[in-house]
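Analysis of the macromolecular model
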Amino acid sequence: MWDFRTEPEFQAKLDWMAAFVRDECEPLDLLFPRPGDPYDVQNKASRAILAPLREKVKEQGLWACHLGPELGGQGFGQLKLALMNEILGRSQWAPTVFGTAAPDTGNAEILALYGTEGQKARYLQPLLEGNIVSTFSMTEPQGGSDPKEFVCAATRDGDEWVIEGEKWFSSHARYASFFIVMVVTDPDAKPYERMSMLIVPAETPGIEIIRNVATMNERDDLDEGTEGYIHYNQVRVPLDAMLGAPGEGFKVAQSRLGGGRVHHAMRVVGKCQRAFDMMCERALSRRTQGKLLAEHQFVQGFIADSAIQLQQFRLLVLQTAWIIDNEPHGAARTHIAMCKVALAAVLHDVLQRAVQLYGSLGTTQETPLGPWWAYAPQLALADGPTEVHKAAVAKGMLRGYSPAPGLFPTEHIPTRRAEARARYAALLEEHGL
Ligand SMILES: Cc1cc2nc3c(=O)[nH]c(=O)nc-3n(C[C@H](O)[C@H](O)[C@H](O)COP(=O)(O)OP(=O)(O)OC[C@H]3O[C@@H](n4cnc5c(N)ncnc54)[C@H](O)[C@@H]3O)c2cc1C
């Protein structure tokens with residue numbers, strides 16, 4: 001059964017979302033445009049605009065849609081969530097307005113999966129209500145892609161864990177109410193069993209933010225940076241601050257990323273679609289050499305290549321979501337890695353063409369294209385570099401193959417021709433061949 005249609009009732013919800021994001025969320029993007037703004041819970045002006053918008057989202061039953069029914073969500077399933085995230089991706093603020101912004105979504109996921117009742121009441125509930133934000137603190141200054149390089153450690157002292165070490169790129173740490181920190185608790189264990197997760201409230205003594213590192217889209221001189229470089233300086237937490245069992249840190253980290261990557265990929269589709277819309281409008285609006293940009297073949301190439309790439313990517317992401325919904329757990333792993341690789345490349349290519357088509361205006365901060373373009377390198381790194389996910393795709397693919405049984409490949413033409421001749425020997429001889 002193949003069917004690309006959306007049920008009319010669900011399409012009505014998507015239509016409501018599209019109009020709401022355009023009319024109500026995009027103004028927030030314009031008034032509070034810095035990447036950290038949606039996470040700044042202390043900004044009274046933005047929160048005053050946000051609160052009634054969130055109420056409208058709740059009235060529609062669209063709040064925190066990523067949650068399963070056991071946590072108060074609607075249980076939409078990944079395919080519907082993908083279509084919804086495509087719309088949310090058009091606006092920087094939309095995920096916050098709809099209660100589904102990273103990294104809080106992933107942090108909520110692991111709190112729900114591994115948290116004790118006490119941890120859920122203290123951290124998960126306010127997170128789900130959107131009253132606080134949180135940080136996932138895993139990457140270290142000397143190593144990101146490979147958790148085996150992590151050294152930030154927690155040692156046991158009586159009935160407390162004492163954390164000592166540095167973390168790097170702990171997104172939105174400056175706004176967070178608590179941090180989920182990955183620490184080495186058993187350096188002698190097997191590589192993937194050395195680490196555990198600890199939940200650390202932001203007010204705990206010893207959390208020193210060395211710098212709020214600014215990305216390309218942020219101004220360091222205006223203190224806009226959102227990536228926390230943190231020294232956990234003899235930070236003490238009680239033993240029951242552990243999320244999951246000792247040694248389960250890697251397992252916990254892995255379990256927060258599956259569905260989130262699909263949502264993220266669809267948000268990239270939404271952002272690229274908006275850039276594509278801008279590209280087409282510009283091509284039909286501006287003239288050079290006596291004709292519209294749209295009539296120049298290079299420009300037609302930009303438009304065609306972008307449309308084809310975007311459509312291929314969109315279908316890949318939707319199929320991945322479908323596999324998660326319909327196949328056994330884990331069946332979509334290779335597809336999720338494919339989406340992660342493709343999202344950075346597609347955004348890079350579509351935005352590069354859009355900026356080029358806009359000419360000098362494209363290089364300014366007077367359209368959204370510039371900040372989106374500068375986002376491309378981040379996409380190829382956040383949540384693991386492209387190269388690591390490509391290796392995962394290749395491993396997943398190779399699992400379905402075996403070595404050739406003999407000296408030559410199974411597609412070796414002389415060998416196969418000899419087999420074919422043997423099969424039809426009598427007939428071939430009869431016809432003199
Ligand atoms: C915008 C953004 C937000 C982030 N938010 C968070 C966060 O909230 N919490 C957090 O803990 N971390 C966060 N990170 C960090 C992110 O997880 C790391 O950047 C990522 O894991 C890569 O680590 P690294 O930057 O140390 O690069 P490195 O590990 O130094 O890798 C550098 C390069 O080496 C190459 N490379 C690395 N490994 C391999 C390999 N196995 N095979 C081939 N080539 C390889 C790749 O080209 C890679 O890009 C964020 C990063 C970004 C950009």
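Reading guide: rules and limits
Residues numbered from 1 in each chain as written. Predicted model: local features only at pLDDT ≥ 70, side-chain atom pairs only at ≥ 80, totals over all residues. Heavy atoms only, no water. Axes fitted to C-alpha atoms, helices over the stretch in contact; angles between N-to-C directions. Helix = DSSP H or I, 4+ residues; strand = E, 2+ residues; numbered from the N terminus. Parallel < 35°, antiparallel > 145°, perpendicular 65-115°, else oblique. Contact = heavy atoms within 4.5 Å. Near = heavy atom within 4 Å. Polar contact = N/O pair within 3.5 Å; in protein donor to acceptor, adjacent residues only side chain to side chain. Areas by Shrake-Rupley, 256 points an atom, 1.4 Å probe, with all protein chains shown as cover. Nonpolar A, V, L, I, M, F, W, Y, C, P; charged D, E, K, R; others polar. Salt bridge = Lys/Arg side-chain N within 4 Å of Asp/Glu carboxyl O. Buried < 20%, exposed > 50% of the residue type's maximum accessible area, 1.4 Å probe, protein only.

**Re the packing of helix 1 (residues 8-31) against helix 2 (residues 44-59)**
Following both chains from N to C, one finds helix 1 and helix 2 inclined at 170 degrees, their axes separated by 11 Å at the closest point. Between helix 1 and helix 2, the crossing angle belongs to the class labelled roughly antiparallel. Residues Trp16, Phe20, Glu24, Leu28 and Leu31 of helix 1 form the contact with helix 2, whose participating residues are Ser46, Ile49, Leu53, Lys56 and Val57.

**Digging into the site of the ligand**
In the region of the ligand, 17 residues are neighbours, and Phe136, Thr139, Ser145, Phe169 and Ser171 sit closest. For the ligand, a nitrogen atom lies 2.7 Å from a polar atom in the backbone of Phe136. At 2.5 Å, a side-chain N or O of Ser145 approaches an oxygen atom of the ligand. Bound to the protein, the ligand loses 63% of the 980 Å² it would expose on its own. Contributions of two or more residues to the shell around the ligand are made by strand 3 (160-171) and helix 12 (386-398). The residue inventory of the shell around the ligand, partitioned by class, reads seven nonpolar, seven polar and three charged.

**Describing the side chain of Arg274**
Structurally, Arg274 is set in helix 8 (residues 258-283). A distance of 2.4 Å separates a polar atom in the side chain of Arg274 from the backbone oxygen of Arg90. Once residues lying within four places of it in the same chain are set aside, the contact partners of Arg274 are Glu26, Arg90, Ser91, Pro368 and Trp372.

**A closer look at the pattern of salt bridges**
A complete count under the given rule lists 17 salt bridges for this structure. Among the ionic pairs, Arg22 bridges to Asp23, the shortest N-O distance being 3.5 Å. Overall, the relative accessible area of 46% leaves Asp23 in the partly exposed class. Among the ionic pairs, Asp223 bridges to Arg174, the shortest N-O distance being 3.0 Å. Of this pair, Asp223 sits in the loop between strand 6 (207-213) and strand 7 (227-238) while Arg174 sits in the loop between strand 3 and strand 4 (178-184), and the two are 49 residues apart along the sequence. Owing to a relative accessible area of 44%, Asp223 belongs among the partly exposed residues under this scheme. Judged by its relative accessible area of 28%, Arg174 falls in the partly exposed class. Connected through shared salt-bridge partners, Asp157, Glu160 and Arg236 make up one network.

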